[in-house]
Amino acid sequence: AQTVTQSQPEMSVQEAETVTLSCTYDTSESDYYLFWYKQPPSRQMILVIRQEAYKQQNATENRFSVNFQKAAKSFSLKISDSQLGDAAMYFCAYKLMTGNQFYFGTGTSLTVIP
Amino acid sequence: GAVVSQHPSWVICKSGTSVKIECRSLDFQATTMFWYRQFPKQSLMLMATSNEGSKATYEQGVEKDKFLINHASLTLSTLTVTSAHPEDSSFYICSAPRPTATGELFFGEGSRLTVL
């Protein structure tokens, strides 16, 4: 069974600083995708970044980057130069390469302190 | 980019009435859509998978007669909460996978249902 674990229910970061949100997952598969989604107070989920498991290079999207450790089944999200607009709930998600089933973590609530 | 639109964003109804929530994929076809329920400060709970032209697949513990799902076209799925009761009050979210290799989900804005 696929499970996704986010061990940090809440995190806070000072504006302009860097924060890392952790995510681990459990799978016996070798081919899959990993995602980070952001859910701001407006409640609409937004895709932040994606990573294909077959790629060794860590994905980056502007101030967002991941540290993907396949052997450790770890997929952390680093937010650099944190902004007030980054305050949100962040969900880590896993998806097999085949099919449409997504598995979400329990989320990490990020507070950005001005 | 791909967009999924959900309507209404909030609805208040009396106990015993039915409420319909629409989910539309605006710029891509979606043979599959997902319906989630989210409680405050919690993760998404998958309720059912909506399949275009066929019956929805419900997760264990979700009453299919209470939560009617119809996916009549490649761009529209609807969730009808029948005979709503206060315990059905929640935030309902739909999503559709983008028709690409990664198939990332695009989410609707969500619908806040309050049953009085």
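Our structure's up above, just so we're on the same page.
What counts, and at which threshold
Residues numbered from 1 in each chain as written. Chains lettered and ligands numbered in written order. Predicted model: local features only at pLDDT ≥ 70, side-chain atom pairs only at ≥ 80, totals over all residues. Heavy atoms only, no water. Disulfide = S-S within 2.5 Å. Helix = DSSP H or I, 4+ residues; strand = E, 2+ residues; numbered from the N terminus. Buried < 20%, exposed > 50% of the residue type's maximum accessible area, 1.4 Å probe, protein only. Phe/Tyr/Trp six-rings, centres within 6.5 Å; stacked < 30°, edge-to-face > 60°. Lys NZ or Arg CZ within 6 Å of the ring centre and 35° of its normal. Contact = heavy atoms within 4.5 Å. Buried area = accessible area lost by both parts, 1.4 Å probe. Salt bridge = Lys/Arg side-chain N within 4 Å of Asp/Glu carboxyl O. Polar contact = N/O pair within 3.5 Å; in protein donor to acceptor, adjacent residues only side chain to side chain. Nonpolar A, V, L, I, M, F, W, Y, C, P; charged D, E, K, R; others polar. Pairing = 2+ DSSP bridges. Axes fitted to C-alpha atoms, helices over the stretch in contact; angles between N-to-C directions.

A. Spatial organisation of the state of the cysteines. Residues and elements named next belong to chain A. Across all of its chains, the model carries two disulfides over all chains by this definition. Here Cys 23 connects covalently by a disulfide to Cys 92, the sulfurs 2.0 Å from one another. A torsion of -70° about the S-S bond marks the disulfide between Cys 23 and Cys 92 as left-handed. Separated by 69 residues along the polypeptide, Cys 23 in the loop between strand 3 (19–21) and strand 4 (24–26) and Cys 92 in strand 10 (residues 88–96) bring together distant segments of the chain. The pair formed by Cys 23 and Cys 92 is uniform in burial state, with each residue classed as buried.

B. Quick look at the packing of aromatic side chains. One pass over the structure, following the stated rule, counts 18 aromatic pairs over all chains. Between Phe68(A) and Phe75(A), the aromatic rings sit 6.3 Å apart at their centres with planes inclined by 80°, giving edge-to-face as the arrangement. Among the aromatic residues, those joined into a ring-pair cluster are Tyr33(A), Phe35(A), Tyr37(A), Phe102(A), Phe104(A), Phe34(B), Tyr36(B) and Phe107(B). Over the aromatic face of Phe91(B) sits the side chain of Arg43(A), whose NZ or CZ is 4.2 Å from the ring centroid.

C. Representation of the interface of chain A and chain B. Between chain A and chain B, the contact holds 20 residues from the first and 22 residues from the second. The contact between chain A and chain B buries some 1700 Å² in all, and 56% of this surface belongs to carbon and sulfur atoms. Considering only the side of chain A, the residues that lose the most area to chain B are Arg43(A), Gln44(A) and Asn100(A), jointly responsible for 32% of the buried surface there. The interface formed by chain A and chain B includes one salt bridge. One salt bridge connects Glu104(B) with Arg50(A), and the closest N-O pair in it is separated by 2.7 Å. Where chain A meets chain B, there are seven residue pairs in polar contact (both at pLDDT 80 or more). Contributions of two or more residues to the side of chain A that touches chain B are made by strand 5 (32–39), strand 6 (46–52), strand 10 and strand 11 (102–104) of chain A. Within the side of chain A that touches chain B, the residues separate by chemical class into nine nonpolar, seven polar and four charged.

D. How the structure looks around the pattern of salt bridges. Within this structure, the stated rule accounts for seven salt bridges over all chains. A salt bridge links Arg24(B) to Glu22(B); the shortest N-O distance between them is 3.5 Å. What makes Glu22(B) partly exposed here is its relative accessible area of 25%. One network of salt bridges, with partners in common, ties together Arg50(A), Arg98(B) and Glu104(B).

E. Broad picture of the sheet that holds strand 8 (residues 76–81) of chain B. Residues and elements named next belong to chain B. Strands sit in the order 1-3-8-7 across an open sheet of four strands; the sheet is antiparallel. One side of each edge strand has no neighbouring strand; the edge strands of this open sheet are strand 1 (4–7) and strand 7 (67–73). Each strand of the sheet is rotated relative to its neighbour by a mean of 15°, with strand direction disregarded. Here strand 7 pairs with strand 8 via five bridges, running antiparallel. Note on strand 8: the bridge partner recorded for Ser 73 is Leu 76.

F. Representation of the side chain of Gln6(A). Residues and elements named next belong to chain A. By secondary structure assignment, the location of Gln 6 is in the loop between strand 1 (3–5) and strand 2 (10–14). A distance of 3.1 Å separates a polar side-chain atom of Gln 6 from the backbone nitrogen of Gly 107. Residues contacting Gln 6, with those up to four places away along its chain left out, are Ser 22, Cys 23, Trp 36, Tyr 90, Phe 91, Cys 92, Gly 105, Thr 106, Gly 107 and Thr 108.

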